[in-house]
Amino acid sequence: MLSKFLHHAIYAGTLLAMSSASHASLVSEQVFQNSTATKAQLEQALPDILTFNELVHRVRYFYPSEAVSQTRWEFFLEKVIDQMAVLPEQERLAFALAELKNITPHIVTQPSELPVIAHDDVAHTWVATGARNYHVYERNLRSGSMSELFNHIHTPKSKYYNDVYGNQTLYWPLYLDSQESQNGAVFRPEKRLSTMTNPATCMAAVSYVWAEIYHFWPYFEQVPVNWEDSHITLLKGCLGNFSNLQNIINIEFKKLQDNHVWVALSEMLERRGDYLLPLRVEYIEGKAILTSKTDYLSLQIDIGDELVAIDGKTAGEIIQQAAKTEAVSDHMEEVYAAYGITQNYKSPKLVDLVFRKPTGEIVTTTTATIHKDVIGEFKGNTLERPLIQDLGEGVVRLNVYDIATEAQFNEAKAGLSNAKAIVLDMRGYPRNFFLVREFMGYFSNEATTVGPFMHFSQRLPNQEDVYVNTYPVGIPLNEQLFNVPTVAISSTQNGSAGEHFLMIAQNLDIPIVGDVTAGINGDIIAGWAFGSLANGGIYYLYTGARSDQVDGSKLIGVGIQPDYLVPVTQASIANNVDIQLEKAHQVVLDILTQGLR
């Protein structure tokens, strides 16, 4: 959402990037075959594993050396977790610290033992607006004179970090001179045969993801969650039944209320399957309403019917149960859960279904779950939504998010040129963010932004010292071509960039008609541990930037509240009526009529 200018805005001037060539030595590791520690040993060692992991994560993000920047930390954790668990309790923490000091030799017990760095020495330190270099986020080991770096707004304001490890006080540097920064051995095994079904591997992976959220996620001020406690819960999840691991992960990450969050496990642990019922439902008026189906479903069942039960269990009960393990915000959990109740079967099977028609008539049918590759096209009632639609009386409706090409951009400009009033249909996600951004600039002759939009420079572990980078993210200052009564339409499907332009509409004083949105705007950041999912790894997404409402209140977990709340109804689905568009048309006509008086 932000252009790459963020990089230059933060790091312009005298900061110099380090050479990509490594001078740190490479640890020659044997392939880690499988966990040797039993689940019982790992459980007994859990307090020490937790203590060590949290030290590792602080160090891996903020200790300024090439060895740290190039180490594969998930592999390192996997190895040390397994090894420390088989040791006597009194030896675990000392052993693990010694292993860490192979990579980070300047972890000491007295500040006097830290390397001395002079005012004019060439120094290295971390500058980070994210956990890694990803799109607009930066995490780079930076080089410059010590005085330059220390006085820069995005760098640590202490030369060292005062840490606690068990009952021991530790000190380690936040700045190192160019020679000391090259000390330490890189931990980077050449290959790996273990998988997430090995408890030590699993513990390393979930800890890896937990730590990234803990050190970089930008919403802890707005979302009350004790994320420290989630670490031990996630680690324990690796010691139980692996079939329940995805649910445990989702329940913990649900606490973040971040609708960008997604944690995917390798196929052997994935709870979702490739078979599904030949129907899709949405959560409408507190019920599971059929919105599309394939030809495999009985002709007795119509769009708009309510799915009452699946194999004798009520759809409402299934949705409420599924909502508990959807890693989404509370106000969207049932919406997301309803999407999934007809999907993700592991194998073909016959399923008994009960439907209730709008008239109250009950219809029962049996259908099979069908593989996703052969289930066919899902068809619903067709609400025709061309790019431009003449609604009569001089009102024109534009599907602004469907502007994907220059030709459509020009078509939209021409189509609105003589409109007396405009309905901006903004339900969904922009197909071309930059063309929509450009087009929205024609609705104002003033620079217009979304609500407060922030990236954070993390200058110390645990988000103990944060520098807030606030950016005026909005639309370009174009010539105002459209200065007529305008109304926008929103839906529950609006999220992230789909909410971005609704916030622009709010700042343009354009009334919004429709439903409450997902409540998450801002750039995503993606991460992974132990390689790809195909190789048994773990993959995850979350929101890296913070975006607030236009009025400065929180957006996350709340969503944009329309000026005219018009949820979709069962009757509107069954009768193929777009009640949100009808209301938007009425509102813009009322505004137009009032203006003509």
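Labelled according to an unreviewed UniProt entry, the protein chain appears under the name Peptidase, S41 family, originating from Pseudoalteromonas luteoviolacea.

Visitor: Looking at this structure, I do not really get the overall build of the protein chain. What am I missing?
Guide: Across its full length, the protein chain carries 17 helices and 30 strands. Here the C-alpha atoms of the protein chain give a radius of gyration of 28 Å, agreeing with the 25 Å that 2.2 N^0.38 yields for 597 residues. Principal axes of the C-alpha set define a box for the protein chain whose edges measure 80 × 60 × 35 Å. When the 597 residues of the protein chain are sorted by exposure, 56% land in the buried category. Put simply, of all contacts in the protein chain between residues at least 6 apart along the chain, 74% involve residues at least 24 apart.

Visitor: What is the right way to look at the pairing of strand S18 (residues 388-392) in this model?
Guide: For a regular strand, the rule is simple: side chains alternate between the two faces of the sheet. Pairing geometry for S18 and strand S19 (residues 395-399), over four bridges, is antiparallel. The residue bridging Gly392 from the neighbouring strand is Val395, located in S19.

Visitor: Help me understand the layout of surface pockets, please; the structure alone is not making it clear to me.
Guide: In this approach, a probe sized like a water molecule rolls over the atoms, and the result shows the empty space that is left. Taken as a whole, the largest pocket spans an internal volume of roughly 1000 Å³. As for the largest pocket, its lining consists of 42 residues, of which Glu282, Ser491, Gln493, Val568 and Ile573 are closest to the centre. Within the residue set of the lining of the largest pocket, elements represented by two or more residues are strand S11 (279-284), strand S12 (287-293), helix H12 (333-340), helix H16 (570-574) and helix H17 (579-596). Each residue belonging to the lining of the largest pocket can be placed in one class, and the counts come to 17 nonpolar, 15 polar and ten charged.

Visitor: Looking at this model, I keep getting lost on the packing of helix H14 (residues 433-440) against helix H15 (residues 497-507). Mind explaining?
Guide: Each pair of packed helices can be summarised by the angle the axes make with each other and by the distance between the axes. Packing of H14 against H15 brings their axes to within 11 Å, and their N-to-C directions diverge by 5°. Put simply, H14 runs roughly parallel to H15. Contact residues: H14 offers Phe433, Val436, Arg437 and Met440, while H15 offers Ala497, His500, Phe501 and Ile504. Among the residues forming the contact of H14 with H15, the class breakdown is six nonpolar, one polar and one charged.

Visitor: When you look at helix H5 (residues 73-85) in this model, what are you seeing that I'm missing?
Guide: Helical geometry: 3.6 residues make up each α-helical turn, so side chains three or four residues apart lie on a common side. Taking 1.5 Å of rise per residue, the 13 residues of H5 would be expected to cover 18 Å, and the 18 Å separating its terminal C-alpha atoms lies within 8% of that figure. Burial analysis of H5 places twelve of its 13 residues in the buried class, the great majority of the element. Of the positions making up H5, those classed as buried are Trp73, Glu74, Phe75, Phe76, Leu77, Glu78, Lys79, Val80, Ile81, Asp82, Met84 and Ala85. At its buried positions, H5 is contacted by helix H2 (39-44), helix H3 (46-62), helix H4 (66-70), helix H6 (89-103), helix H8 (199-216) and strand S27 (524-529).

Visitor: What is the right way to look at the sheet that holds strand S28 (residues 538-543) in this model?
Guide: Where strands meet in a sheet, backbone hydrogen bonds hold them as pairs that are either parallel or antiparallel. The strand order across the open sheet built from three strands is S9-S28-S27, with neighbouring strands paired in antiparallel fashion. With one partner strand each, in any of the chains shown, strand S9 (262-265) and S27 form the two edges of the open sheet. Averaged over all adjacent pairs, the angle separating strand axes in this sheet is 10°, with direction ignored. Where S27 and S28 come together, six bridges link them in antiparallel fashion. Looking at the pairing, Trp528 lines up with Tyr539 of S28.

Visitor: Explain the state of the cysteines to me, please; I cannot follow it from the model alone.
Guide: Two cysteines, two sulfur atoms, one covalent bond between them: this is a disulfide. Enumeration according to the criterion identifies one disulfide in this entry. Each disulfide pairs two cysteine sulfurs, and for Cys202 the partner residue is Cys238, the sulfurs being separated by 2.0 Å. The S-S bond linking Cys202 to Cys238 shows a torsion near -70°; that makes this disulfide left-handed. With Cys202 in helix H8 and Cys238 in the loop between helix H9 (227-237) and helix H10 (245-254), the pair connects residues that are 36 residues apart, well separated along the chain. Summarising the burial analysis for this pair, Cys202 and Cys238 share the class buried.

About the cut-offs
Residues numbered from 1 in each chain as written. Predicted model: local features only at pLDDT ≥ 70, side-chain atom pairs only at ≥ 80, totals over all residues. Heavy atoms only, no water. Helix = DSSP H or I, 4+ residues; strand = E, 2+ residues; numbered from the N terminus. Rg over C-alpha atoms; globule rule 2.2 N^0.38 Å. Buried < 20%, exposed > 50% of the residue type's maximum accessible area, 1.4 Å probe, protein only. Contact = heavy atoms within 4.5 Å. Pairing = 2+ DSSP bridges. 1 Å grid on protein atoms, 1.4 Å probe; cavity = no way out; pocket = protein on both sides within 12 Å on 5 of 7 lines; lining within 4 Å. Points joined across faces, edges and corners; volume = space filled by probe spheres on them. Nonpolar A, V, L, I, M, F, W, Y, C, P; charged D, E, K, R; others polar. Axes fitted to C-alpha atoms, helices over the stretch in contact; angles between N-to-C directions. Parallel < 35°, antiparallel > 145°, perpendicular 65-115°, else oblique. Expected span 1.5 Å × (residues − 1). Disulfide = S-S within 2.5 Å.

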